[in-house]
Amino acid sequence: MTQRKRLLTGITATGQIHLGNYLAVIRPALEFQSDAECLYFIADLHALTKNKNAEQVRSNTLDVLATWIAAGFDYERHTLWIQSHVPQVTELSWYLSCCIGVGHLEKGHAYKDAIATGKEVNHGLLAYPVLMAADILLYDVDVVPVGKDQKQHIEFCRDMAGSLNSLYGEVLKLPEIHLEEEVMVIPGLDGRKMSKSYDNTIPLFCKREELRKKVMSLKTDSLPLEAPKELRGTLLGILFGCFSTKEEFEDLERRLAQGGMGWGHAKDELFQAIEREVAPLRERYEELRRDEEKLMQIAREGAERARSIALPVLSRVRRAVGLVEAV
Ligand code: TRP
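Since we're looking at a predicted model, the values are computed, not measured. (Residues numbered from 1 in each chain as written. Predicted model: local features only at pLDDT ≥ 70, side-chain atom pairs only at ≥ 80, totals over all residues. Heavy atoms only, no water.)

A. Broad picture of unusual backbone geometry. Of note, the phi angle at D140 is positive, near 45°, even though the residue is not glycine. When you line up the elements, D140 lands in the loop between α7 (123–137) and β4 (143–147). In this model, D199 sits at a positive phi of 55°, which is unusual for a non-glycine residue. Here D199 shows up in the loop between β5 (176–180) and α9 (208–216). D199 sits in the exposed class, given a relative accessible area of 69%. (Helix = DSSP H or I, 4+ residues; strand = E, 2+ residues; numbered from the N terminus. Buried < 20%, exposed > 50% of the residue type's maximum accessible area, 1.4 Å probe, protein only.)

So, in structure tokens, the structure goes:
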């Protein structure tokens, strides 16, 4: 039998999670659980490069952690933790820092964009790829699944590992990139990509009534009730397709095409379909968010497991670079 591949990804903790995040990121990432060993963590240290609101950093971290568990992360078979709970990652990032040129890091997209737009750039932003490389290399990872926007970061990671290995021998395991070519683009209420910055999102865990209201405010054309309507390719159709079975989709498509059915009714069916999937998740989420002790218990166990992989790797690196062991 072949061993399960070890797969790792970091989850950034931004504010309120919406249906776009759920459909494009969370649901696909949870599917890896069936045939890989998943190591997922909430990247709270990375959040500090941008977010200086301590209370927000804290609550975002807990919200996102609870969201992933509620959505179906199996924390008994896989490992989920908060990045800063394995602080050894910052130690490894130091060793990697010493193996990459500043000029190389200055080619980073995020860094270059920040410079180009005249933003003040902190050292954490320049070093972001180094910490991210440490995230990966600390756990002897086989594969990192990422979207196109993260491809350069993984290449940097491989560069740093290669450079350290060429100096000290085969110490670090080079990860493969699993590039997600087409990350689904989920449209928001106005038809543009669902995004907080367009203020067109449907929150994943709002109250049932708010969810209904949001769905009812979805943009449609203004055809009269009697007119035959096309579902496929419309904003409503795309969202309905994400939550319905193929049969349900074809059924609604046929009824709309016959005429005599208004968009309002179709939206109600979309609401029902979303609610069917989201309601049990929402309940679990609210329970976890109410019981911080339980949430932290899960996080602690995750960090413990992560640490048990990380410590031997870190010892390997310490020895290789010539640090005197403190016994
Ligand atoms: N930079 C990633 C993002 O913005 C998050 C991340 C941090 C990550 N560390 C990682 C992803 C390690 C993969 C592997 O989405």
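Structure's up, so let's keep going.
B. Looking closely at the layout of surface pockets. If you add up the space inside the second largest pocket, you get close to 220 Å³. Listed by contribution, the elements that provide at least two residues to the lining of the second largest pocket are α2 (44–47), α4 (88–97) and α7. Of all the elements, α7 adds the most residues to the lining of the second largest pocket, at six residues. Of the residues in the lining of the second largest pocket, the class split is seven nonpolar, seven polar and no charged. (1 Å grid on protein atoms, 1.4 Å probe; cavity = no way out; pocket = protein on both sides within 12 Å on 5 of 7 lines; lining within 4 Å. Points joined across faces, edges and corners; volume = space filled by probe spheres on them. Nonpolar A, V, L, I, M, F, W, Y, C, P; charged D, E, K, R; others polar.)

C. The arrangement of the domain arrangement of the protein chain in detail. Along its sequence, the protein chain is carved into domain 1 (6–186 + 292–321) and domain 2 (205–286). The C-alpha-based centres of domain 1 and domain 2 are spaced at 35 Å. If you sort the residues of domain 1 by the area they bury against domain 2, L19, Y22 and A70 come out on top, with a joint share of 43%. Taken together, domain 1 and domain 2 are joined by one salt bridge. The salt bridge partner of R27 is E277, with a shortest N-O separation of 3.1 Å. The tally of links from domain 1 across to domain 2 stands at five residue pairs in polar contact (both at pLDDT 80 or more). Residue contributions to the side of domain 1 that touches domain 2 peak at six residues, all from helix α3 (residues 54–71). (Domains from an automatic or database assignment. Buried area = accessible area lost by both parts, 1.4 Å probe. Salt bridge = Lys/Arg side-chain N within 4 Å of Asp/Glu carboxyl O. Polar contact = N/O pair within 3.5 Å; in protein donor to acceptor, adjacent residues only side chain to side chain.)

D. Broad picture of the pairing of strand β1 (residues 5–11). Most of β1 is tucked away, with five of its seven residues classed as buried. As judged from the seven bridges shared by β1 and strand β2 (residues 36–42), these two strands associate in the parallel manner. Directly across from I11, in β2, lies its bridge partner I42. (Pairing = 2+ DSSP bridges.)

E. Structural context of the site of the ligand. As a structural note, the neighbourhood of the ligand is formed by L8, T9, G10, T12, F41, H46, Y128, M132, D135, I136, V144 and Q150. Contact distances for the ligand include 2.8 Å between a nitrogen atom and a side-chain N or O atom of Y128. At a separation of 3.0 Å, a nitrogen atom of the ligand approaches a polar side-chain atom of Q150. Bound to the protein, the ligand loses 88% of the 360 Å² it would expose on its own. Mapped by element, the contributors of at least two residues to the shell around the ligand are β1 and α7. It is α7 that contributes the most residues to the shell around the ligand, four residues altogether. The class makeup of the residues in the shell around the ligand is six nonpolar, five polar and one charged. (Near = heavy atom within 4 Å. Areas by Shrake-Rupley, 256 points an atom, 1.4 Å probe, with all protein chains shown as cover.)

F. Region of the structure containing the pattern of salt bridges. Inspection of every chain in the model, using the stated rule, returns 23 salt bridges. Between E253 and R232 there is a salt bridge, with its nearest N and O atoms 2.8 Å apart. Placement of E253 in helix α11 (residues 246–257) and of R232 in the loop between α9 and α10 (235–243) is noted, with a sequence separation of 21 residues between them. Taken together, the shared-partner salt bridges connect R58, D63, R289 and E292 into one network.

G. Quick peek at the side chain of H46. Relative to the helices and strands, H46 resides in helix α2. Engagement of the side chain of H46 in a polar contact is seen with the backbone nitrogen of M132, the distance being 3.5 Å. Other than its neighbours up to four places away in sequence, H46 contacts Q83, Y128, L131, M132 and D135. (Contact = heavy atoms within 4.5 Å.)

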